[in-house]
Amino acid sequence: MSGTGSRRFPRLLVTGGAGFIGSCFVRDTLARRDGTTIVVLDKLTYAGNRANLAAVEADPEQAARFRFVTGDISDPAVVAPLVADVDAVANFAAESHVDRSILDPEAFLRTDVLGVHVLLEACRAEQERAARGERAAAPRFLQVSTDEVYGSVESGESHEEDRLEPRSPYSAAKAAGELLAHSYFVTFGLDTVVTRGSNTYGPYHHPEKLIPLFITNAIDDQQLPLYGDGMQQRDWLYVADHAGAIGHVLEHGDSGEAYNVSGGNERTNRQVVAELLNMLDKPWSLVRLVADRPGHDRRYAMDGSRLASLGWTNKVSFDDGLATTVGWYRENEAWWRALKAGDWDAYYRRQYGDRLAGSHEAGR
Ligand code: NAD
Ligand code: TYD
């Protein structure tokens, strides 16, 4: 098995820890009850939600090891003192939705590129303090990246050394962020690792993304807007497996390396929607074919053997994960209805208004 061996990082800064995957990482790490302390730094954008961390705050033992700071990763004054007090930084913070990156790319550059730069500079300052003997070791920096940096993969699987060919403003910004992190490894000797996760699904997923949008729309008998021909393929990864893999790379990954986190569950969007409707006992006639996403990547698929060689395996099958997810959305209507209020209508009209007006039956 390759890797640095097991290293523990007892004090963590988790940026973006109020989002979908970050909050799962925080909940699962604190639930291990191994003494790890976590500071979450989160800007609480439309996608950030303190309710995702309610279970932690309600548990006195976990709450005692947890602190929440509202703030922006691109603000050096906020970031520097937090990084000074931790052994590792796991950066989940990002603008994360491809469709929003097409509507408004700038926010993606600010957080997914400049924000990463600010975090890296803070780590570099701590590395200098370590060199002066003012702290034990420089913090490890883990950048949570995505399979989308490889671009559309018509056949075969992406390997970590493949060329990055991002094709959306989101994936271009994510590629820039992880390349910047790698440059700090090469240039300054900072201890960095990168994970490239595939399409993730599960509880607490914002209802703008395919699976939660279609579950919640279907519960309300609303139309399901499927882009293009619906034959795009994604490789689905359950959120607890994604968060667990990130923790595994944090503790075992080699400095300077990137690790694919694949799901092993390749499905066309049509297949996913059919499974969802089946579980919800809703008719296929809800599905509408709508104008495609511009530049829509046809397929993502990654080889996961490098991470497997570190001793990681996913635990949740797609059928089980999807059933758990559907059950969670059924039981937690208050959570998602709060997110489908306020600014949601304006977003939905902008993204789907014309599309649904010009939509077609999806024919099975
Ligand atoms: P999310 O949108 O649910 O959460 C992002 C979190 O970051 C939110 O809590 C938000 O408030 C916070 N945030 C945004 N800008 C910030 C800023 N400037 N400063 C501080 N906090 C800020 O995203 P997610 O789905 O949980 O994704 C987490 C990470 O995983 C992202 O880096 C994303 O690119 C990556 N990723 C996601 C997937 C997926 O399928 N969801 C797959 C692979 C990789
Ligand atoms: P999404 O959840 O946005 O993730 P990503 O774009 O990061 O893969 O979309 C997953 C797939 O579902 C992608 O092929 C786009 C498609 N999709 C639709 O067909 N309709 C929708 O309304 C959404 C949000 C996505």
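Above: the structure in question.
Residues numbered from 1 in each chain as written. Chains lettered and ligands numbered in written order. Predicted model: local features only at pLDDT ≥ 70, side-chain atom pairs only at ≥ 80, totals over all residues. Heavy atoms only, no water.

J.: Would you mind going over the packing of aromatic side chains with me for this structure?
T.: Remark: the centre distance and the inter-plane angle together describe each pair of aromatic rings, the angle taken between the planes. All chains considered together, the criterion is met by 15 aromatic pairs. On the numbers, 5.2 Å between centres and 70° between planes, the contact of Tyr 201 with Phe 318 is edge-to-face. Here Phe 318 lies in helix α12 (residues 318–331) and Tyr 201 lies in strand β7 (residues 200–201), a separation of 117 residues in the sequence. Residue classification places Tyr 201 among the buried positions, given a relative accessible area of 0%. For Phe 318, a relative accessible area of 1% puts it in the buried group. Grouped by ring-pair contacts, the aromatic residues Tyr 227, Trp 344, Tyr 347, Tyr 348 and Tyr 352 constitute a single cluster. Above the ring of Tyr 46, the side-chain terminus of Arg 100 is found at 3.8 Å from the ring centroid. The lysine or arginine in question, Arg 364, covers the ring of Trp 284, its NZ or CZ lying 4.6 Å from the ring centre. (Phe/Tyr/Trp six-rings, centres within 6.5 Å; stacked < 30°, edge-to-face > 60°. Helix = DSSP H or I, 4+ residues; strand = E, 2+ residues; numbered from the N terminus. Buried < 20%, exposed > 50% of the residue type's maximum accessible area, 1.4 Å probe, protein only. Lys NZ or Arg CZ within 6 Å of the ring centre and 35° of its normal.)

J.: Mind showing me how you'd approach the layout of surface pockets here?
T.: If a probe the size of a water molecule is rolled over the atoms, the empty space left behind becomes visible. In this structure, the largest pocket encloses a volume near 290 Å³. Lining the largest pocket we find 19 residues, and of these Thr 29, Arg 32, Ala 243, Gly 244 and Gly 247 sit closest to its centre. For the lining of the largest pocket, the elements supplying multiple residues, two or more each, are α1 (20–31) and α9 (239–252). Residues belonging to the lining of the largest pocket are distributed by class as follows: eight nonpolar, five polar and six charged. (1 Å grid on protein atoms, 1.4 Å probe; cavity = no way out; pocket = protein on both sides within 12 Å on 5 of 7 lines; lining within 4 Å. Points joined across faces, edges and corners; volume = space filled by probe spheres on them. Nonpolar A, V, L, I, M, F, W, Y, C, P; charged D, E, K, R; others polar.)

J.: When you look at the site of ligand 2 in this model, what are you seeing that I'm missing?
T.: Around ligand 2 there are 20 residues in total, and Glu 148, Arg 234, Arg 293, His 296 and Tyr 352 lie nearest to it. Taking Asn 269, its side chain carries an N or O atom lying 2.9 Å from an oxygen atom of ligand 2. In the environment of ligand 2, an oxygen atom lies 2.7 Å from a nitrogen or oxygen atom belonging to the side chain of Tyr 352. The protein chains hide 96% of the 510 Å² of surface that ligand 2 would expose on its own. Elements with a minimum of two residues in the shell around ligand 2: α5 (98–103), α8 (210–219) and β8 (224–227). Among the residues forming the shell around ligand 2, the class breakdown is nine nonpolar, five polar and six charged. (Near = heavy atom within 4 Å. Polar contact = N/O pair within 3.5 Å; in protein donor to acceptor, adjacent residues only side chain to side chain. Areas by Shrake-Rupley, 256 points an atom, 1.4 Å probe, with all protein chains shown as cover.)

J.: Can you help me understand the site of ligand 1 in this one?
T.: The immediate surroundings of ligand 1 are formed by 29 residues, with Ile 21, Asp 42, Ser 96, Tyr 170 and Lys 174 found nearest. Separating an oxygen atom of ligand 1 from a backbone N or O atom of Gly 19 is a distance of 3.0 Å. The separation between an oxygen atom of ligand 1 and a polar main-chain atom of Thr 200 is 2.9 Å. Here ligand 1 has 830 Å² of accessible area as a free molecule, and 96% of this is covered by the chains. At three residues, the largest contribution of residues to the shell around ligand 1 is made by strand β5 (residues 140–146). Class assignment for the residues of the shell around ligand 1 results in 11 nonpolar, 14 polar and four charged.

J.: Just to check I follow, could you spell out the packing of α8 against helix α10 (residues 269–280) for this structure?
T.: Running from amino to carboxyl end, α8 crosses α10 at an angle of 35°, the nearest separation of the two axes being 10 Å. Every pair of crossing elements has a handedness; the one defined by α8 and α10 is right-handed. In this structure, α8 contributes Leu 210, Ile 211, Phe 214, Ile 215, Ala 218 and Ile 219 to the contact, and α10 contributes Asn 269, Val 272, Val 273, Leu 276, Leu 277 and Leu 280. Across the contact of α8 with α10, the residue classes break down as 11 nonpolar, one polar and no charged. (Axes fitted to C-alpha atoms, helices over the stretch in contact; angles between N-to-C directions. Left-handed = near helix turned anticlockwise from the far one by under 90°. Contact = heavy atoms within 4.5 Å.)

J.: Explanation requested: the sheet that holds strand β2 (residues 37–42) in the structure shown.
T.: Note: strands within a sheet are paired through backbone hydrogen bonds, in either parallel or antiparallel orientation. Taken in spatial order, the seven strands of this open sheet run β3-β2-β1-β4-β5-β6-β11, and their pairing is parallel. The sheet is open, and its two edges are formed by β3 (66–70) and β11 (258–261), each paired on a single side. Neighbouring strand axes in the sheet, compared pairwise and without regard to direction, differ in orientation by 20° on average. When β5 meets strand β6 (residues 192–197), the two strands line up parallel, connected through six bridges. (Pairing = 2+ DSSP bridges.)

J.: Help me understand helix α6 (residues 106–131), please; the structure alone is not making it clear to me.
T.: In an α-helix, one turn spans 3.6 residues; hence positions three or four apart end up facing the same way. For α6, which comprises 26 residues, the first-to-last C-alpha distance of 37 Å matches the rise-based estimate of 38 Å (1.5 Å per residue) to within 8%. Along α6, the largest kink reaches about 30° and is centred on Leu 114. A positive phi of about 80° marks Gly 133, the residue just after α6. (Expected span 1.5 Å × (residues − 1). Bend = angle between axes of the 7 residues up to and from the residue.)

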